[in-house]
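One-letter residues, chain by chain:
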Amino acid sequence: MARITLDHIAHSYKANPQKPTDYALREVHHVWNDGGAYALLGPSGCGKTTLLNIISGLLTPSKGRLLFGDKDVTRLPTEARNIAQVFQFPVIYDTMTVHDNLAFPLRNRGIPESEVERAVKETAEMIGLTAMLKKRAKGLTADEKQKISLGRGVVRSDVNAILFDEPLTVIDPHMKWMLRSQLKHLHKRVGHTMIYVTHDQTEALSFADKVVVMYEGEVVQIGTPADLFEKPKHTFVGYFIGSPGMNVLPAKVAGDKASVGEHEIALRAPYAELSGKTELGIRPEFVKLVHGNDGVPVKVSAVEDIGRYRIVRTRLGAHEVNAVLPEGTPVPAEPRAVFDTSRLNVYLDSHLVEARQ
Ligand code: ADP
Ligand code: MG
C-alpha cells in the first residue's frame, strides 16, 4: 500500500495546450494518505477518469509527477504499479468460470493455490456469487459480470491501491447499497488505499473518509463529508453537495454587514474590503421562516413534503432561497427568512473568505 503524491499534475488531451480550458485536468497538487478511502466526486466531464487513469498509468500526465511512497512512477506502465482498477463496465474473461476469473489476478502473480482458494471464497461471499463459482461468465447478466469485475479488483490484498471508476453504474439500487457497504467494510478490514470515482454525492459521502470534489478540471475541495457540508470552500461544493444545495445570493459586503438588493443581513464578524464578485452562502437547513420583523421578506413559491422534513422554496427579490424545515413546522403567511449568522459563508469570486479575526 502506498501514500500517493500528485505533484503539480496537469493533463491536456490537446497536442499544444495554450489556455487553462485546454486542460482536462488543471494543476492538482496533493498528498493522499496511505490507507485512506477517497472519493472523487464531480459532474460528468470534470476530469475524474482522467485523474484516475493518471494514477493507474493508463495515461501519462502532460505535466507533473506522480509518486507512490517516495518512488516516482509517472512513466511506469500500469503493470509495474501494483494497483487494481475496476471500470464502469465489466472487464472479465467470458470463457472462464466465475471462480477462475476471480483467481486470475492471484494465479497471475504466482500466489500458492491454497491462498488462491481462500481469497476466491472470501471474495465470492462478498460480492454474493458463491453459488455461481462454477458457472462460465459468458451466460451471466450484466450486473453479475460487473460483480465479477469488482471481485477481481478486490481479490488481491497486496496492492498499492484499488481504483474504482463508477463501478456500480450497471448494478441495481438495492445491490448498490449492499456492495458499497461491503467495500467500506473491506477497507476497514484490509486498509487498502481506495479511490472511488462517482458523480453521485450519496455514494461518495457514504463510502469515503475524504471526498475530493472536482469541478471543471480542478480539485475545489478535499474534506470530510462534514467539512463539505459545513464549510464549502467553493460555491460549487455548496451547490453540488446537499439536497437542495446551499443558497447562494449575490451580495455587497461591508464590514460586518451584507446587503442583498435593499435588504441588510448581519454577518458574524467584520470582513476586509472585498473587490470582485461577492456572494453569501447559507444552507437551507440553516434558514428559518418566521413571522415578525426579523430577517428579510420572502415569497413562498413551493412547499415539498419529504417525510421528516419539508423543503420550502421561496424568493428574495429575484433570488431563490430554499429552507429545510422539520416536519410540521408551519410556514407563516408573510414569512421572513432568518439566516443563522454562525452558518453564513461569504464567497469572493466563488471561493470562501474568512472574516477578519
Ligand atoms: P469525468 O470522468 O469526470 O466524466 P473525464 O476525465 O472523462 O471526465 O473527461 C474530462 C474532459 O476531458 C472532458 O471534457 C472530456 O470530453 C475530455 N476527454 C476525456 N477523454 C478524452 C480523450 N481520450 N480525448 C480527448 N478528450 C478527452
Ligand atoms: Mg469518467
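Here the structure is a predicted model, which means the values were calculated and not measured.

Participant: What should I look at first to understand the site of ligand 1 in this one?
Facilitator: Close to ligand 1 lie Y13, A24, P43, S44, G45, C46, G47, K48, T49 and T50, which account for all nearby residues. Contact between ligand 1 and G47: an oxygen atom at 3.1 Å from a main-chain N or O atom of the residue. In this structure, T49 approaches ligand 1 through a side-chain N or O atom, which is 2.8 Å from an oxygen atom. For ligand 1, the protein covers 53% of the area, taking 560 Å² as the surface of the free molecule. A per-class count over the shell around ligand 1 returns four nonpolar, five polar and one charged.

Participant: I'm lost on the side chain of K147 in this one. Help?
Facilitator: Looking at the element boundaries, K147 is found in helix α4 (residues 142–154). Of the side chains bearing the opposite charge, D143 lies closest to the buried K147, which forms no salt bridge; the N-O distance is 4.8 Å. Apart from residues no more than four positions distant in its own chain, K147 is found in contact with I127, L129, I171, M175 and L179.

Participant: Got a minute to help me understand the pairing of strand β21 (residues 345–348) in this structure?
Facilitator: The side chains of a regular strand alternate between the sheet's two faces. Two strands pair when backbone bridges link them, and strand β14 (residues 278–282) and β21 are joined in this way by four bridges, in the antiparallel orientation. Looking across to β21, one finds that L280 is bridged to V346. As paired elements, β21 and strand β22 (residues 351–353) share three bridges and run antiparallel to each other. Paired with Y347 across the bridge in β22 is L352. Connecting β21 to the antiparallel partner β22 that follows it, the hairpin turn spans two residues, and D349 within it adopts a positive phi of roughly 50°.

Participant: Before we go on, may I ask you to explain the domain arrangement of the protein chain in this structure?
Facilitator: By a widespread convention, an interface's size corresponds to the accessible area lost as its parts come together. As far as domains go, the protein chain holds domain 1 (4–240) and domain 2 (250–353). Computed from C-alpha coordinates alone, the two centres of domain 1 and domain 2 are separated by 38 Å. Listed as interface residues are ten residues of domain 1 and, on the opposing side, eleven residues of domain 2. Here domain 1 meets domain 2 over a buried area of about 910 Å², counting both sides, of which 48% is carbon and sulfur. In this structure, the connection of domain 1 to domain 2 is made through zero salt bridges. The interface formed by domain 1 and domain 2 contains seven residue pairs in polar contact (both at pLDDT 80 or more). Contributions of two or more residues to the side of domain 1 that touches domain 2 are made by α7 (225–230) and α8 (235–240). Grouping the constituent residues of the side of domain 1 that touches domain 2 by class yields four nonpolar, three polar and three charged.

Participant: It is not clear to me how helix α1 (residues 48–56) should be interpreted in this structure. Could you clarify?
Facilitator: With eight of nine residues buried, α1 is to be regarded as a mostly interior element. In the segment just after α1, G57 is the residue with positive phi, at about 100°.

Participant: So what exactly am I meant to see when it comes to the packing of aromatic side chains here?
Facilitator: For the structure on display, the rule yields eight aromatic pairs. Between the aromatic rings of Y215 and F236, the centroid separation amounts to 4.1 Å while the plane-to-plane angle is 15°, which identifies the pairing as stacked. Taken as a pair, Y215 in strand β9 (residues 210–215) and F236 in helix α8 lie far apart in primary sequence, 21 residues in all. With relative accessibility at 26%, the residue Y215 sits in the partly exposed group. Of the aromatic side chains, those joined through ring pairs into one cluster are Y215, F236, Y239 and F240.

Participant: How should I be thinking about a nonpolar patch on the surface in this particular structure?
Facilitator: Together, L58, F87 and V91 make up a nonpolar patch on the protein surface, roughly 260 Å² of accessible area in all. If you trace the backbone, V91 turns up in the loop between β6 (83–86) and α2 (98–107). By relative accessible area, which is 46% here, V91 ends up partly exposed.

Participant: Is there a simple way to think about α4 in this case?
Facilitator: In an α-helix, one turn spans 3.6 residues, which is why side chains three or four residues apart end up on the same side. An ideal rise of 1.5 Å per residue puts 18 Å on 13 residues; α4 measures up with 19 Å between its terminal C-alpha atoms. Within the span of α4, buried status applies to D143, E144, K145, Q146, K147, I148, S149, L150, G151, R152, G153 and V154. Tucked into the core, α4 has its buried residues touching β6, α2, α3 (113–127), β7 (161–165) and α5 (173–190).

Rules behind the numbers
- Residues numbered from 1 in each chain as written.
- Chains lettered and ligands numbered in written order.
- Predicted model: local features only at pLDDT ≥ 70, side-chain atom pairs only at ≥ 80, totals over all residues.
- Heavy atoms only, no water.
- Near = heavy atom within 4 Å.
- Polar contact = N/O pair within 3.5 Å; in protein donor to acceptor, adjacent residues only side chain to side chain.
- Areas by Shrake-Rupley, 256 points an atom, 1.4 Å probe, with all protein chains shown as cover.
- Nonpolar A, V, L, I, M, F, W, Y, C, P; charged D, E, K, R; others polar.
- Helix = DSSP H or I, 4+ residues; strand = E, 2+ residues; numbered from the N terminus.
- Buried < 20%, exposed > 50% of the residue type's maximum accessible area, 1.4 Å probe, protein only.
- Lys, Arg positive; Asp, Glu negative; His and termini not counted.
- Salt bridge = Lys/Arg side-chain N within 4 Å of Asp/Glu carboxyl O.
- Contact = heavy atoms within 4.5 Å.
- Pairing = 2+ DSSP bridges.
- Domains from an automatic or database assignment.
- Buried area = accessible area lost by both parts, 1.4 Å probe.
- Phe/Tyr/Trp six-rings, centres within 6.5 Å; stacked < 30°, edge-to-face > 60°.
- Patch = residues over 30% accessible without salt bridge, like charges linked within 9 Å, V, L, I, M, F, W, Y side chains within 5 Å.
- Expected span 1.5 Å × (residues − 1).

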